[in-house]
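Residue strings, one per chain:
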Amino acid sequence: MVCSNIDSLDDVMVTLISHIMIKKNNKVQAVVDPQTVVRVEFFTNEKSFKERLQLYFIKNQRSSLRIRIFNLVIKLLTCVLYVVRVLSDTSFLPPNCVPGSDVTNGTTARNICWDIIDKDEFVENPTIHWERIWWVERGVALHIVQVTVAIISLSETILVQYLSYKGNILQQIVSMEFILELCLTVPFIVTIFWPSLRGLFIPVFLNCWLGKQSMQNMFNDLHRVMQKSQSALAQQLMILCATLICLVFTSACGIQHLQRGGNRQLDLFQSTYFTIVTLSTVGYGDIYPDIWPSQMFIMGMITAALLILPTQFEQLAYTWMERQKQGGAYSSHRAQTEKHVVVCTTTLQADTVMDFLNEFYSHPKVQDYFVVLLSSCDLDPTMKVLLQVPMWAQRVIFIQGSALKDIDLARCRVQDAEACFIISSQNVEQKDAADQHTIMRSWAIKDFAPECPQYVQIFRPENKFHVKFAEHVVCVDEFKYALLANNCLCPATSTLVTLLLHTSRGQEGQTSSEEWQRLYGRCSGNEIYHVRLGESKFFGEYLGKSFTYASFHAHRKYGVSLVGVQQNSGLSTIQLNPGPRHIMRESDLCFYMNITKEENSAFILAHPNQDDAKPDKKQGPSSEQTSKVASVIASVGSMALDLQNTRLMTSQSEMKRTGSRKSQLELPKGLSHVNLQKRPSIAPVPAYLEFGDITVHVEDDTGSEDSFPFADEDDDNPEYVRGFPPITPYIGTSPTLCHLMRDKRPLCCLQLSQICDHCCYNNAKEYNWPNRAIIVAADYASNGLYNFIVPLRSHARPSYTLNPIVLILEKTPDMTFLETICHFPMVYWMLGSIEQIEDLLRAGINLADNVVIVNKESSNSQEEETLADCNTIVAVQTIFRLFPSANIITELTQSSNMRFMQFRANDLYSYELSKREKKEKERGSHISYMFRLPFAAGNVFSASMLDTLLYQAFVKDYVITFVRLLLGIDQAVGSGHLSCMKITNDDLWIRTYGRLYQKLCSTTCEIPIGIYRTQAKTCRSPPVNHSALEYLIHRNGAKSSSLISRDQSALNLAFRNSVKGSRYRNRAGVSLNMMSMAEHHRKDGKSRVMNPERHEISQLVKCRMQSLGQPLEDYDETNEKKDTISYVVINPSYDLHLCLGDIM
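This text gives an overview of the structure that appears in the document. (Residues numbered from 1 in each chain as written. Predicted model: local features only at pLDDT ≥ 70, side-chain atom pairs only at ≥ 80, totals over all residues. Heavy atoms only, no water.)

### Some words on the overall build of the chain
Part 1 of the reasoning: Scanning the chain from terminus to terminus reveals 38 helices and 30 strands.
Part 2 of the reasoning: Per-residue burial for the chain yields a buried fraction of 50% across its 1144 residues.
Part 3 of the reasoning: Of the contacts made within the chain by residues no fewer than 6 positions apart, 72% connect residues no fewer than 24 positions apart.
Part 4 of the reasoning: Of the accessible surface of the chain, which amounts to about 55900 Å², a share of 56% is contributed by carbon and sulfur atoms. (Helix = DSSP H or I, 4+ residues; strand = E, 2+ residues; numbered from the N terminus. Buried < 20%, exposed > 50% of the residue type's maximum accessible area, 1.4 Å probe, protein only. Contact = heavy atoms within 4.5 Å. Areas by Shrake-Rupley, 256 points an atom, 1.4 Å probe, with all protein chains shown as cover.)

Take a look at the structure:
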């Protein structure tokens, strides 16, 4: 086409300017006037008749499917007609008669009968009646139907062969299906022209094999029409079943027909029975073929079965094995009638999966749920055995696939799932890469199933904002460092949180002979529950009362500890201990600690003196209030105080604080331990903030965000201000009011051992800090360390109680991290490693309150996952041996490795605890390691314990928010914070935990949640045989001296190698050689002999201290905690007696 005179693009589209060339196959009708707007109609090529038939029979999937179904019906109909012919052929003949041989007219009117010959005689002289084999009786109506079906079947076959022709006609003609079709249909058509052949036998039963092929083609077209992938296993199983049916049907029909010419006639049932018995290699012998044609036929069928069936079974077995590797599928029918959750992970580790299953199925409401495991890795032998356990085999379904593929998500029915958990293994080395995988999975699931709730576990806090849309997110680094920081403030916080998060019924340790194990195990069953106040038996009676009043009286009456509320039935944020200003409302959600939830509790009064007497309604308001106060006072003590015109103040003068710890609880005014003969009473907990003449004044610590501006003056230290950190290392940090430096610290002053223009100190000792330091050892400065620093610099702690923080890093931190920490007071860093003694000494380990060891992310063991903590464990054990007085807090990956912390060989008590752990594990406990002393004391925790936080969130959607508030990761207006106090001699007059609960609620309005108790061991390791050593020294003379000197030489040699060239006597005159045991014994003048190994370690550390110029008296080589036990008692009973040194 040639165009001219074009003014615009629109003109080109609507105007024809020149002549149009009409091609051969296209027709165009147009008016040729160059200035006229015309309508153009285009016509496509019309298909030929053959092309239309091809489209209908072959190319079009839906019509092709109909043709396949029709073909299958035709083949099955021919088989049914054959069975009908067999039944009709034998129904009217006598048992011993056969049709006559005169078939010239196509009839069998004359019958020839004979007697059945004895089988032994027939074997010797077999007679085959061939006429009975070649000719059959076929009625006229049946013949017409069979001929009609044969014509239709042959026509359809020829038509399909013609339409499928692609140039090689010989290949289509010689195909087995086409030849068999001709053999089974053409004879019927021939009988139309030769009626005498109407009784000719035609093996129509072979159409079953053609029907089998049609069924395969039909299912292929069916899956293409439905746009669904066909299950390979189902396809192979269908083919195998069809093959078996065809073999049995063919054999039964063939042997039944051939035996017509033998001595014994068989019906279809007998022939089917004989075929199944023969093919199954049983062979009873009651039925057998007695003529050679039927014998040859059976031999042929057995040979065919041996050739066909093994191939089919092999293909089925191979498909099944591949299917087992890929896992199963969760059908849409099950998804509609059952409830299930999906767990997506990269690697399936037995410990991770078992932790999830045990914690998930510990709640009664999810017992009927199914768990679908989606992972791209193969199942290892341990997981295969695990999934075959009857407890999990019916509940857990494994599907091998990727969350990034829609087809695999559809197999899991994620769109119908109740929740989707996206988790990672804790011992992965590349945690950044693991987070990237998690983010991609979360996005893919959100795109595929937007309504499915997601529970996401992520490692790095800087990656949280990528999955902000998820319903619940647990950042491991956030919680891990917050737990470690709170462990430094409140001992064993990690143990307390771990026990609260694990599901238990408090049955652990109840069979032990030791009281502390029974108490510790019973109280470990406490968990966090919630209930609406209007529906609660625990708290319903405290409607309109203050929070502290409800908390104390609920604990006193029911043994439950009310620790928080959420107003407006969950529409607002959770508040932990909102104080007496909060008045309990009917719509409040109450969060409490108890062994079990309220629905499963038996309501028995926890205190025998509980007074339920109701006030007299006739009395006035004043008398009613007075009676309430009197009843409270009378129930808690035998000696009442004069409470008229009394005010309980929480001013700075009455309650002294040391950090977050109270120095003591003072006795009531005018009382002392000298003049006090009876237990003093404690002021009652007021039902309201201001109640009659009793008024409680409480400082509003919870409103600090409104009370303090961004930079508020700090009265204790003029260099500090209170405000929000100006720089945060990642997106998504919660605004937290902290102690900050008034002026930003120079970056050079942050390095502890680096001398600069502003600082001339090179170790912790020279700084002369007023408080003992906290040392943190990590691979590198991750952003999660921010969550370690913030709780230790919280505004809730007085500035004069702040502990210096020293970070020992193996890599230099980046500038962003340094810019973040330079605003916090007394935060330092240094390059070093916990494996080097000099680095620990420079960091001030002898002057540290706590040494926090963060588990190394790089492991030197790739073969065994349980060895992932080996680097950290050995390094911590070295510090434990070199500095026995250091309080070491360690993070591990595997909870099973806790038994190696502070390991002491030949420790009898550790052996007893190991037996206890095995017994608890046999009883089904999920936290059998809880009796290990390092865990009970809060010196070690595993990051894998944080996985349960995510699992619990499925049943308790508030638990993540609750723990974040408890640890100080988040802050809420009106919410309290975690703190602790120590029981001293001046506090023992309180006596019981319940009275302490009342004392705190009535004075400082604080809520106790547990006790950290330290006591002496009841069983110790076998003592050293000192008498044998003394006998060796005093009685053996020169011989013993030679033994000692020889052993001493070996020890000195090892020591000199460790010193690496240091002088044997330092400037201060400290001998670097080991003193002999006898000499030490004489100098000491005591019967105790110092352990040579302990002495060598002491000399080694002192040598290094001397080389660094540090005073030797700072080194404490004694271990006061060696013979003590520390443990946590969560929500103890009202009458539990307090002990000296208890930390609340």
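Read on, since the account is not over.
### Digging into helix α21 (residues 515-523)
Part 1 of the reasoning: Inspection of α21 places W516, Q517, L519, Y520, G521 and C523 among the buried residues, and these make up the whole buried set.
Part 2 of the reasoning: Its buried side turned inward, α21 meets α20 (493-501), α30 (908-922), α31 (933-936), β29 (1010-1016) and β30 (1124-1130).

### Quick word on the sheet that holds strand β11 (residues 527-532)
Part 1 of the reasoning: Read across the open sheet, the 4 strands follow the order β11-β14-β12-β13; overall the sheet is antiparallel. Each edge of the open sheet carries a strand with a single partner, namely β11 and β13 (574-576). When the angles between neighbouring strand axes are averaged without regard to direction, this sheet yields 30°.
Part 2 of the reasoning: In terms of strand pairing, strand β12 (residues 561-566) meets strand β14 (residues 589-594) through 5 bridges, oriented antiparallel. Bridged to Q566 within β14 is L589.
Part 3 of the reasoning: On the sheet, helix α33 (residues 959-967) packs against β11, β12, β13 and β14 and is oriented at approximately 40° with respect to β13. (Pairing = 2+ DSSP bridges. Axes fitted to C-alpha atoms, helices over the stretch in contact; angles between N-to-C directions.)

### Let's talk about the side chain of T503
Part 1 of the reasoning: Considering the arrangement of structural elements, one finds T503 in the loop between α20 and α21.
Part 2 of the reasoning: A polar atom in the side chain of T503 sits 2.6 Å from the side chain of E359.
Part 3 of the reasoning: One polar contact links T503 to S362, side chain to side chain, over a distance of 3.1 Å.
Part 4 of the reasoning: Once you skip the residues sitting within four places of it in the chain, T503 turns out to touch E359, S362, H363, E527, H926 and Q952. (Polar contact = N/O pair within 3.5 Å; in protein donor to acceptor, adjacent residues only side chain to side chain.)

### Observations concerning the packing of aromatic side chains
Part 1 of the reasoning: For the structure shown, the criterion picks out 40 aromatic pairs.
Part 2 of the reasoning: Among the aromatic side chains, those forming a connected cluster through ring pairs are F356, F360, Y361, Y369, W392, F421, Y455, Y951 and F954.
Part 3 of the reasoning: Directly above the aromatic system of F370 lies the positively charged group of R334, at a separation of 4.8 Å from the ring centroid.
Part 4 of the reasoning: In this structure, R395 packs its charged tip against the face of Y361, placed 4.3 Å from the ring centre. (Phe/Tyr/Trp six-rings, centres within 6.5 Å; stacked < 30°, edge-to-face > 60°. Lys NZ or Arg CZ within 6 Å of the ring centre and 35° of its normal.)

### Some thoughts on a nonpolar patch on the surface
Part 1 of the reasoning: Together, Y165, I169, L170, I173, V174 and I179 make up an exposed nonpolar region whose accessible area comes to about 550 Å².
Part 2 of the reasoning: For the nonpolar patch, the leading source of residues is helix α7 (residues 169-173), giving 3 residues.
Part 3 of the reasoning: Positionally, I169 belongs in helix α7. (Patch = residues over 30% accessible without salt bridge, like charges linked within 9 Å, V, L, I, M, F, W, Y side chains within 5 Å. Salt bridge = Lys/Arg side-chain N within 4 Å of Asp/Glu carboxyl O.)

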